[in-house]
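Here is what each chain is made of, one letter per residue.
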Amino acid sequence: MRFDVITIFPEYFSPLSASLLGKAADKGLLSFGVHDLRDWAYDRHRTVDDTPYGGGPGMVMKPAPWGEALDDVLTPESRLVVPTPSGRPFTQAVAGELASAPHLVFACGRYEGIDSRVMAHYRDVVEVHELSIGDYVLAGGEVAVLVMVEAVSRLVPGVLGNAESVSDDSFAPGRMETLVEGPVYTKPPVWRDREVPAVLKSGHHGKIARWRRDEAFRRTAALRPDLLARLDPKALDKHDRRL
Ligand code: SAM
């Protein structure tokens with residue numbers, strides 16, 4: 001799978017060569033291109049922003065450099081992802097949708113964002129996803145893009161080792177869709193007088209699976225009641241209903 005990122009701060013993307021993503025790139029499962037938007041700005045100062053129509057504070061990213069850059073980087077198979085606080089929430093389900101694409105192109109906004117005509121124009125050309133990573137405002141799209149690239153990449157077949165299954169993760173489509181994962185433990189069995197729950201040391205796979213599911217329900221109810229409210233009753237087994 002190919003990821004291209006267009007930004008005025010290419011240096012934000014050095015983490016793409018580290019850890020899980022770096023290893024997946026070395027194996028040829030993922031490839032990354034990071035492009036400086038200013039390479040498509042042709043005036044002496046390589047200007048990418050201007051004052052907003054209608055007045056108000058801040059600057060808006062000019063459509064011309066974005067148009068030139070996207071015309072060069074997009075292909076007919078690409079999907080264009082534009083991070084913005086006013087976008088559709090980026091969720092695990094959206095990450096799964098994007099992971100099936102062969103090519104994602106990310107357009108990192110700065111200042112007050114990108115001139116809206118850019119998104120309107122490319123909606124006629126490719127699939128465009130305007131996505132928000134949460135209800136807060138960052139200084140630019142770069143960190144949001146790193147979040148999305150990492151979440152999408154771990155869903156690309158082969159990127160995670162066999163030992164790590166995405167199907168048990170919080171929000172995984174299916175039985176975990178509206179649940180967060182419960183607590184996890186490793187050795188030693190006792191640390192500062194706190195013991196690992198006995199069931200996890202029992203070797204009884206059925207009981208362990210049941211305990212994990214019960215704990216997922218408890219944690220979701222305590223910390224994310226909004227998710228439980230969306231739970232599909234058909235996804236509940238007999239034991240879940242008793243909880
Ligand atoms: N004036 C804009 C608004 O209120 O919606 C905020 C612009 S923000 C300072 C600059 C850029 O940061 C945005 O164009 C977007 O690329 C990125 N950004 C900020 N918050 C974000 C979020 N929650 N999710 C995704 N991208 C975000």
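Here is what the cut-offs are and how they apply
- Residues numbered from 1 in each chain as written.
- Predicted model: local features only at pLDDT ≥ 70, side-chain atom pairs only at ≥ 80, totals over all residues.
- UniProt positions renumbered as here; feature names shortened; annotations may be inferred.
- Near = placed C-beta within 6 Å.
- Helix = DSSP H or I, 4+ residues; strand = E, 2+ residues; numbered from the N terminus.
- Nonpolar A, V, L, I, M, F, W, Y, C, P; charged D, E, K, R; others polar.
- Axes fitted to C-alpha atoms, helices over the stretch in contact; angles between N-to-C directions.
- Parallel < 35°, antiparallel > 145°, perpendicular 65-115°, else oblique.
- Left-handed = near helix turned anticlockwise from the far one by under 90°.
- Contact = placed C-beta atoms within 7 Å.

The protein chain carries the name tRNA (guanine-N(1)-)-methyltransferase in an unreviewed UniProt entry, which gives Actinocorallia herbida as its organism. Taken verbatim from the UniProt record of the protein chain, the Subcellular location (unreviewed entry) comment is "Cytoplasm". Its UniProt record, at the heading Function (unreviewed entry), says of the protein chain: "Specifically methylates guanosine-37 in various tRNAs."

Attention now moves to the site of the ligand. The environment of the ligand is formed by 19 residues, the closest being P83, G109, G113, G141 and A144. In terms of residue count, the dominant contributor to the shell around the ligand is strand β5 (residues 78-89) (four residues). Here the residues of the shell around the ligand are counted per class, giving nine nonpolar, eight polar and two charged.

Turning next to the packing of helix α2 (residues 63-73) against helix α4 (residues 116-123). Where α2 contacts α4, the two axes come as close as 9 Å, and the packing angle between them is 30°. Judged by the angle between their axes, α2 and α4 are roughly parallel. Two packed elements cross with a definite hand, and for α2 against α4 that hand is right-handed. The segment α2 lies against α4, with P63, W66, G67 and L70 engaging R117, V118 and Y122. Partitioned by chemical class, the residues of the contact of α2 with α4 number five nonpolar, one polar and one charged.

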